[in-house]
Amino acid sequence: MKIKLFLSALMLMVGTLTATYASFPVQRTTTNNTNTTVVVENQEDELSSPATAAGGKSQIVAAILAFAIGGLGIHRFYLGYTWQGIVQILTAGGCGIWALIDLIRICTGDLQPKNGSYAKTF
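The model shown is predicted, which means the values in this text are computed figures rather than measured ones.

It is worth spelling out the pattern of salt bridges at this point. If charged atoms from side chains of opposite charge come close, those side chains can pair. Counted by the stated rule, this structure contains 2 salt bridges. A salt bridge links Asp-102 to Arg-76; the nearest nitrogen and oxygen atoms lie 3.0 Å apart. Residue Asp-102 is found in helix 6 (residues 97-108), and its partner Arg-76 is found in helix 4 (residues 74-79); the two are separated by 26 residues along the sequence. Neither residue differs from the other here; Asp-102 and Arg-76 are each classed as buried. The salt bridge involving Asp-110 is made with Arg-105; its shortest N-O contact spans 2.9 Å. Take Asp-110: its relative accessible area is 49%, and that puts it in the partly exposed class. Residue class for Arg-105 comes out partly exposed when judged on its relative accessible area of 28%.

Residues Ile-3, Phe-6, Leu-7 and Leu-10 make up a contiguous nonpolar surface patch of about 410 Å² in total accessible area. Looking at where Leu-7 falls in the secondary structure, it is placed in helix 1 (residues 2-18). Judged by relative accessible area, which is 45%, Leu-7 ranks as partly exposed.

Rules of the game
Residues numbered from 1 in each chain as written. Predicted model: local features only at pLDDT ≥ 70, side-chain atom pairs only at ≥ 80, totals over all residues. Heavy atoms only, no water. Salt bridge = Lys/Arg side-chain N within 4 Å of Asp/Glu carboxyl O. Helix = DSSP H or I, 4+ residues; strand = E, 2+ residues; numbered from the N terminus. Buried < 20%, exposed > 50% of the residue type's maximum accessible area, 1.4 Å probe, protein only. Patch = residues over 30% accessible without salt bridge, like charges linked within 9 Å, V, L, I, M, F, W, Y side chains within 5 Å. Areas by Shrake-Rupley, 256 points an atom, 1.4 Å probe, with all protein chains shown as cover.

Okay, here's the thing in structure tokens:
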């Protein structure tokens, strides 16, 4: 029981740490021929997580997460629904009912990732 609790906490921690990133503006100063300093602010698109850069979300991974640890709501974090994931953690997946409904919705394709559709399906 202690090992299962430890592994669940470890997966939660790894899942939240790998999805974080830093984004901040970069300022560079350059001097041109007339000795005036020009400040250039480089505003690129917001950085994305490695999972997003590698491609879209997989329906198979979402279904496995919902089946294995659906009570923790990790599948909601994976699909991009952070607030629903937090609520599922606090309610233990609605005592398992919400997790079961999510599993059915993922398998039928009704529960899609937040920003688009699945890159890989069943």
